[in-house]
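Listed below, chain by chain, are the residues.
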Protein chains: 2
Amino acid sequence: MKISINGLHKAFESRIRLGIMSALAVNDHLDFNSLKDLLDVTDGNLASHLKGLEKEGFVGVKKRFIGRKPNTKYVITENGREAFDDHLSTLEKLINSQK
Amino acid sequence: MKISINGLHKAFESRIRLGIMSALAVNDHLDFNSLKDLLDVTDGNLASHLKGLEKEGFVGVKKRFIGRKPNTKYVITENGREAFDDHLSTLEKLINSQK
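For clarity, every value in this text was computed on a predicted model and none was experimentally measured.

Engineer: Which parts of the structure should I look at to understand the overall build of chain A?
Structural biologist: Along the backbone of chain A there are 4 helices and 3 strands. Put simply, chain A runs from its N terminus to its C terminus through helices and strands in the order α-β-α-α-β-β-α. Along the three orthogonal principal directions, the C-alpha set of chain A runs to about 60 × 25 × 20 Å. The proportion of buried residues among the 99 residues of chain A is 45%. Sequence-distant contacts, at least 24 apart, represent 56% of the contacts inside chain A between residues at least 6 apart. Summed over its atoms, the accessible surface of chain A is roughly 5,500 Å², and 48% of this surface lies on carbon and sulfur atoms. In chain A, 16 side chains carry a positive charge and 13 a negative one; their mean positions are 5 Å apart.

Next comes the structure, spelled out in structure tokens:
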């Protein structure tokens, strides 16, 4: 019985990235602090993983001003949603192979 | 809705380690080449991840001679099975939160 790990994407190999994608997949958009609270991670960790996911094209960044204050929102991209769905369905097959 | 990633274990973040643990969890023991074929990975990658899992105490190594030839078998340890089950159930909750 071959164990398929090919469907698992290297970009999602970190727990924090799994958390970021899960959060963005079920929210229209989230700002930095909401993500930080949701995932209970440090600023540095969150910033570096967001940057990595942005470089992959899986997370998009929307910047605007609210009054005089800059506001940054993060969103999942279509590519990100597709790659993450593939990743999760491969994980699900792997989990079911254990039952 | 808090996204819990705490139940995810850092030792299982790599796809190859997920594959190794999945294979060992459903087999009494496997030797190096069987693991390599099952997972379709290079010798170097497999060896380094097996070493890492062994250091964590999640994989055990059994060495013996078959005739004059040395034979090494890998097994999942009780700690490994427990930690991996926790990891998979956290992943399952994360996947279900997407449905």
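Next, the rest of the story.
Engineer: It is not clear to me how the packing of helix α1 (residues 15-25) of chain A against helix α3 (residues 43-55) of chain A should be interpreted in this structure. Could you clarify?
Structural biologist: When two helices pack together, their arrangement is captured by the angle between the axes and the distance separating the axes. All names here are of chain A. Contact pair α1 / α3: the axes reach a minimum separation of 10 Å and the direction vectors enclose 70°. Here α1 lies roughly perpendicular to α3, going by the angle between them. Contact residues: α1 offers Ile16, Arg17, Ile20 and Met21, while α3 offers Asn45, Leu46, His49, Leu50, Gly52 and Leu53. Looking at side-chain class alone, the contact of α1 with α3 contains 6 nonpolar, 3 polar and 1 charged residues.

Engineer: Sorry, what's going on with the relation of the copies chain A and chain B here?
Structural biologist: Applying a rotation about an axis and a shift along it to one chain copy brings it onto the other copy. Rotating chain A by 180° and moving it 0.0 Å along the rotation axis overlays it on chain B with an RMSD of 0.0 Å. Within this description, the copies of the chain are treated as partners about a two-fold rotation axis. Minimal C-alpha separation from the rotation axis in chain A is found for A:Glu13, amounting to 2.6 Å.

Engineer: Looking at this model, I keep getting lost on the pattern of salt bridges. Mind explaining?
Structural biologist: Between side chains of opposite charge, a pair can form when the charged atoms approach closely. In this structure the tally under the stated criterion is 8 salt bridges over all chains. Of the charged contacts, one joins A:Glu13 and A:Lys10 as a salt bridge, the two residues approaching to 3.2 Å between their closest N and O atoms. Classification of A:Lys10 as exposed rests on a relative accessible area of 56%. Notably, a salt bridge pairs A:Arg15 with B:Glu13, separated by 3.1 Å at the nearest N-O pair. Note that A:Arg15 is positioned in helix α1 and B:Glu13 in the segment before α1 (15-25), a pairing that runs across two chains. A relative accessible area of 18% places B:Glu13 in the buried class. Salt bridges sharing common partners tie together A:Lys10, A:Glu13 and B:Arg15.

Engineer: Can you walk me through the sheet that holds strand β3 (residues 69-76) of chain A in this structure?
Structural biologist: Two modes of strand pairing occur in sheets, parallel and antiparallel, and in both the strands are linked by backbone hydrogen bonds. What the 3 strands build is an open sheet, ordered β1-β3-β2 (chain A); its pairing is antiparallel. The sheet terminates laterally at β1 (30-31) and β2 (59-66) of chain A, the two strands that pair on one side only.

Engineer: Got a minute to help me understand empty space enclosed by the protein in this structure?
Structural biologist: A water-sized probe rolled over the atoms picks out the places where empty space is left. Here the structure, examined in full by the defined rule, presents 1 cavity of 30 Å³ or more. One number sums up the size of the largest cavity: a volume of about 80 Å³. Surrounding the largest cavity, A:Phe12, A:Glu13, A:Ser14, A:Arg15, A:Leu18, A:His87, B:Phe12, B:Glu13, B:Arg15, B:Leu18, B:His87 and B:Leu91 form its lining. Across the lining of the largest cavity, the residue classes tally to 5 nonpolar, 3 polar and 4 charged.

Engineer: Is there a simple way to explain the environment of B:Thr42 in this structure?
Structural biologist: Its location among the elements puts B:Thr42 in the loop between α2 (32-39) and α3 (43-55). A C-alpha to C-alpha distance of 29 Å links B:Thr42 and B:Gly7, two positions 35 residues apart in sequence.

Engineer: Can you walk me through the interface of chain A and chain B in this structure?
Structural biologist: The figure often quoted for interface size is the accessible area lost as the parts come together. Taken together, the contacts link 31 residues of chain A with 31 residues of chain B. Between chain A and chain B the total buried area reaches about 2,900 Å² when both faces are included, carbon and sulfur atoms providing 63% of it. Run the count over chain A and chain B and you get 3 residue pairs in polar contact (both at pLDDT 80 or more). In terms of residue count, the dominant contributor to the side of chain A that touches chain B is α1(A) (7 residues). Here the residues of the side of chain A that touches chain B sort into 17 nonpolar, 6 polar and 8 charged.

Engineer: It is not clear to me how the pairing of strand β3 (residues 69-76) of chain B should be interpreted in this structure. Could you clarify?
Structural biologist: Successive residues of a regular strand alternate their side chains across the two faces of the sheet. Residue and element names in this part refer to chain B. Of the strand pairs in this sheet, strand β1 (residues 30-31) and β3 are connected by 2 bridges, and their pairing is antiparallel. Looking at β3, one finds that aspartate 31 is bridged to lysine 73. In this structure, strand β2 (residues 59-66) lies alongside β3, joined through 8 bridges in antiparallel fashion. When the bridges of β3 are listed, phenylalanine 65 appears paired with proline 70.

Rules behind the numbers
- Residues numbered from 1 in each chain as written.
- Chains lettered and ligands numbered in written order.
- Predicted model: local features only at pLDDT ≥ 70, side-chain atom pairs only at ≥ 80, totals over all residues.
- Heavy atoms only, no water.
- Helix = DSSP H or I, 4+ residues; strand = E, 2+ residues; numbered from the N terminus.
- Buried < 20%, exposed > 50% of the residue type's maximum accessible area, 1.4 Å probe, protein only.
- Contact = heavy atoms within 4.5 Å.
- Areas by Shrake-Rupley, 256 points an atom, 1.4 Å probe, with all protein chains shown as cover.
- Lys, Arg positive; Asp, Glu negative; His and termini not counted.
- Charge placed at Lys NZ, Arg CZ, Asp CG, Glu CD.
- Axes fitted to C-alpha atoms, helices over the stretch in contact; angles between N-to-C directions.
- Parallel < 35°, antiparallel > 145°, perpendicular 65-115°, else oblique.
- Nonpolar A, V, L, I, M, F, W, Y, C, P; charged D, E, K, R; others polar.
- Least-squares fit on C-alpha atoms with pLDDT ≥ 70 in both.
- Salt bridge = Lys/Arg side-chain N within 4 Å of Asp/Glu carboxyl O.
- Pairing = 2+ DSSP bridges.
- 1 Å grid on protein atoms, 1.4 Å probe; cavity = no way out; pocket = protein on both sides within 12 Å on 5 of 7 lines; lining within 4 Å.
- Points joined across faces, edges and corners; volume = space filled by probe spheres on them.
- Buried area = accessible area lost by both parts, 1.4 Å probe.
- Polar contact = N/O pair within 3.5 Å; in protein donor to acceptor, adjacent residues only side chain to side chain.

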